[in-house]
Every structure is written in C-alpha cells, then in structure tokens.
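A look at the structure
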Amino acid sequence: MRIAIGCDHGGFPLKQTVIDVVQNAGHDFLDLGTHSTDATDYPDYSEKVARAVLDGKADRGIVICGSGVGATVAANKFKGIRAGLCHDTFSARQGVEDDDMNVLTLGARIIGPLLAIEVIQAFLKARFSNAERHLRRLNKVKGFEENFGR
Ligand code: RB5
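Everything numeric here is computed off the predicted structure, so don't read it as measured data.

Focus on the site of the ligand
Close to the ligand lie Asp8, His9, Tyr42, Cys65, Gly66, Ser67, Gly70 and Arg109, which account for all nearby residues. Between the ligand and Asp8 there is a distance of 2.6 Å, counted from an oxygen atom to a side-chain nitrogen or oxygen. Here the ligand has 300 Å² of accessible area as a free molecule, and 70% of this is covered by the chains. Of the residues in the shell around the ligand, the class split is 2 nonpolar, 4 polar and 2 charged.

Have a look at this one:
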C-alpha cells in the first residue's frame, strides 16, 4: 500500500517513527509535511492526507497532531474519509476490520513511540472484513454523508 502521512508541529516529533514503521512493513509513503516544529495548523495536514486518499494517490493515511483530536475531527469532514484516533492496538485493528477506517490518527503528545509503532503495525496489517453486518453499518454511515453532507 501507499500511505499518505501528514502532521502538524505537535505531531512532527512522531512523524519519522511513523515513516519508519510504514517502510519497515513494506509499504510506500507520501510525506505531506509538516517538516519542522514551527507552528502550523492541523486542518491543513488532515486535508492533504484526506485528498491524497480520496484522489487515489494513497491507499490509506496517517495524520498526527498533538492530541490526535483535531486531526481526527478535520479529516472526518471529507466525504469518504473514515478517520479513527487509536492509541491502542485493538482499536487500530478492529477499526479497519469492522469500520473500514482508512485514516489512522495519532496524538504525539499522548502516545509513546513504542506503543505507536505497534498501533501503526496493527492498522497496516488489518483488512476490512466485508462481513454483511459491517457492510450494513458502513452503508448507514455512508448514507449520513449522502443525506446530510454537502
Ligand atoms: C497544536 O498546539 C495542537 O492544538 C494540535 O496539535 C492538536 O493537538 C489539536 O487537536
């Protein structure tokens, strides 16, 4: 897979770890910035990653901010993006298998690098189950986008 990776200044300290995990797992990546701890705006990086996934330039995305919350909120404003803030491996795996999560978000000020590595590995290994009950639930979520989104 190709993974689009973006972060704001709060997420920057974890970005190289994320890149290393993605590469070590045999995946390609797009580094969409930021490239330093100079202050930036997290929505810009959620947008870059979301558009890369929606435009087919990446299969999935990972966005990192300080808490992970802002990046998650912003990414989920894009139709077709299912971003989940996961600081445990169970959620990272099940979020893909059951909910077809296509963007993982992380809070670099919350999660330590060793746990982050395992969380990212779980996200990358997981595949959507395509189970009928999960497709039914996913279609309800997609219906929200169609009916209430712009
Ligand atoms: C930046 O200071 C911080 O607000 C941002 O990285 C993130 O935590 C927002 O949710």
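Remarks on the packing of helix H4 (residues 89–97) against helix H5 (residues 113–125)
A pair of packed helices is characterised by two quantities: the angle between their axes and the separation of those axes. It is at 8 Å that the axes of H4 and H5 come closest, and there the two elements cross at 15°. On the basis of the axis angle, H4 is roughly parallel to H5. As for the relative orientation of H4 and H5, their crossing is right-handed in sense. On H5, the residues that touch Thr89, Ala92, Arg93 and Val96 of H4 are Glu118, Val119, Ala122 and Phe123.

With respect to unusual backbone geometry
Cis rather than trans, the peptide bond between Gly33 and Thr34 has omega equal to -5°. Relative to the helices and strands, Thr34 resides in the loop between strand S2 (28–31) and helix H2 (42–54). Even without being glycine, Asp100 reaches a positive phi, approximately 55°. Position of Asp100 among the secondary structure elements: in the loop between H4 and strand S5 (103–107).

Comments concerning the packing of helix H1 (residues 12–24) against H5
For the pair H1 and H5, the least separation of the axes is 10 Å and the interaxial angle reads 40°. Here H5 runs oblique to H1, going by the angle between their axes. Where H1 crosses over H5, the two elements pack in a sense that is right-handed. For the pair formed by H1 and H5, the contact residues are Leu14, Thr17, Val18, Val21 and Val22 on the first element and Pro113, Ala116, Ile117, Ile120, Gln121 and Leu124 on the second. Counted by class, the contact of H1 with H5 contains 9 nonpolar, 2 polar and no charged residues.

A word on the pairing of strand S3 (residues 60–65)
The buried fraction of S3 is high, at 6 of 6 residues. In S3, alternate side chains face the same way, and those of Arg60, Ile62 and Ile64 on one face and Gly61, Val63 and Cys65 on the other are all buried. Relative to S5, S3 is paired through 5 bridges, and the arrangement is parallel. Looking at S5, one finds that Ile62 is bridged to Leu104.

Observations concerning the nonpolar core
The tendency in soluble globular proteins is for nonpolar side chains to be buried side by side. In this structure, Val18, Ile62, Leu106 and Ile120 are the most contacted members of the largest nonpolar core, which totals 25 residues. Residue assignment for this core shows that the elements contributing at least two residues are strand S1 (2–7), H1, S3, H4, S5 and H5. Residues within four places of Ile120 in sequence aside, it is in contact with Val18, Val21, Val22, Ile62, Leu104 and Leu106.

The rules behind the values
- Residues numbered from 1 in each chain as written.
- Predicted model: local features only at pLDDT ≥ 70, side-chain atom pairs only at ≥ 80, totals over all residues.
- Heavy atoms only, no water.
- Near = heavy atom within 4 Å.
- Polar contact = N/O pair within 3.5 Å; in protein donor to acceptor, adjacent residues only side chain to side chain.
- Areas by Shrake-Rupley, 256 points an atom, 1.4 Å probe, with all protein chains shown as cover.
- Nonpolar A, V, L, I, M, F, W, Y, C, P; charged D, E, K, R; others polar.
- Axes fitted to C-alpha atoms, helices over the stretch in contact; angles between N-to-C directions.
- Helix = DSSP H or I, 4+ residues; strand = E, 2+ residues; numbered from the N terminus.
- Parallel < 35°, antiparallel > 145°, perpendicular 65-115°, else oblique.
- Left-handed = near helix turned anticlockwise from the far one by under 90°.
- Contact = heavy atoms within 4.5 Å.
- Buried < 20%, exposed > 50% of the residue type's maximum accessible area, 1.4 Å probe, protein only.
- Pairing = 2+ DSSP bridges.
- Core = buried A, V, L, I, M, F, W, Y, C linked by side-chain atoms within 4.5 Å.

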